[in-house]
Amino acid sequence: MIKCIIVDDEPLAIELLESHLKKIDSLQLVGTARSAMEAHKLLQQQPVDLLFLDIQMPHLSGIELMRSLSIKPKVIFTTAFREFAIEGFELEAVDYILKPITFERFFRAVDRVVRTHTPKNIDHTIMIRSDGLNRKIKTDDIIFIESQGNDLKIYLNDATYLTKATLTDFSELLSKMGFVRIHRSFLFNPIYVTGYSTSEIILGPYSIPVGRNYRQEFDAFMAHYSKTTL
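Residues numbered from 1 in each chain as written. Predicted model: local features only at pLDDT ≥ 70, side-chain atom pairs only at ≥ 80, totals over all residues. Heavy atoms only, no water.

K.L.:
Tell me about the pattern of salt bridges, and please be specific about residues and values.
P.N.:
Pairing is possible between side chains of opposite charge, provided their charged atoms come close. In total, this model carries nine salt bridges according to the counting rule given. The partner of Asp95 in a salt bridge is Arg105, with the nearest N and O atoms 2.9 Å apart. A residue pair is termed long-range when its members are at least 10 positions apart, and Asp95 in strand β5 (residues 95-98) and Arg105 in helix α5 (residues 103-116) qualify at ten residues. The partner of Glu104 in a salt bridge is Arg108, with the nearest N and O atoms 2.7 Å apart. Residue Glu104 and its partner Arg108 are located together in helix α5, separated by four residues, close to a single helical turn. With a relative accessible area of 43%, Arg108 lands in the partly exposed category. (Salt bridge = Lys/Arg side-chain N within 4 Å of Asp/Glu carboxyl O. Helix = DSSP H or I, 4+ residues; strand = E, 2+ residues; numbered from the N terminus. Buried < 20%, exposed > 50% of the residue type's maximum accessible area, 1.4 Å probe, protein only.)

Pasting the structure below:
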C-alpha cells in the first residue's frame, strides 16, 4: 500500500484528488493539508510514500516545502501554473500535473509510482523489561548491547535501557538480523559503524574493543564490511 498526503490550499482541488485516489486500490490517503506548514507537521507525525503537492500556496510554496525536507517522499506536483515545471523536475518530481486534473492524467502519473514502489521492510522488534516496564524496541534502533554482570545495557539512538538478561539470550536472535559479536561483552549493529581498526570498532561516539578470542568473527565481519563500503 502506498501512503499518500494531499496538500492544496483549495478545498475543491483536495476533493477532486481524493475522488481520483479512491479509485486506485494501491493508494491509501493518510491525510490532507491546506498549507505547506500544515503538511510539514503531518509529515513529522506520519511518514508517507507519496505527496500530491500544490506549488503556489500562502507563506510557503510546495517547492520550498520539498527543499526543507531532509527525508523526501516521492512527489507529484499539482498546479495551475506551467512556469514552475523546471523547478519541480529539479527536485526529482515523479510528475507535474496541470489543473484541472482529469482521472486519466492522474492515473498516468500515479502508475509510475505504483510500478516502481517497493514495500518498506517490516520492523523487527524485541521485548525487554526495564525500569518496571515492558518495552518494545525496534532492532534497527539498537546501536549496540553491552553485558554488565547479570544485566545488559542497550544503547539506542535516543535512549539507553538496563535489563536483566545475558548477552547469550539475545545473541542468537539478533545475529540472524545482522548483529555482530566481536567481544564477549558486546553485540553491535553494523549499520552504525563509522570507523574501525584492528583493535576496535567505532559506532559514532562509541568504541567497542575486539576480543582476543573473537579474531575469527572480526575478520569475517571485516571481509564482508569491506565489500559493502567504498
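K.L.:
Talk me through the sheet that holds strand β14 (residues 200-203); I want residue IDs and the actual numbers.
P.N.:
Ordered in space as β13-β14-β15, the three strands form an open sheet in which the pairing is antiparallel. Both outer strands of the open sheet, β13 (195-196) and β15 (206-209), are each paired with one neighbouring strand and no more. Bridge count for β13 against β14 is two bridges, and the pairing is antiparallel. Residue pairing for β14: Gly195 is matched across the bridge by Ile202. (Pairing = 2+ DSSP bridges.)

K.L.:
Before we move on, could you go through the environment of Phe103 and cite the residues and values that matter?
P.N.:
Inspection of the secondary structure assignment puts Phe103 in helix α5. The sequence separation of Phe103 and Lys23 amounts to 80 residues, and the corresponding C-alpha distance is 9.2 Å. If we ignore the near neighbours within four places in the chain, the residues touching Phe103 are His20, Lys23 and Ile24. (Contact = heavy atoms within 4.5 Å.)

K.L.:
Provide a residue-level description of the side chain of Ser61, including the pertinent values.
P.N.:
Counting through the fold element by element, Ser61 comes out in the loop between β3 (50-54) and α3 (62-68). Not counting the four nearest positions on each side in its chain, Ser61 is found in contact with Ala36 and Ile55.

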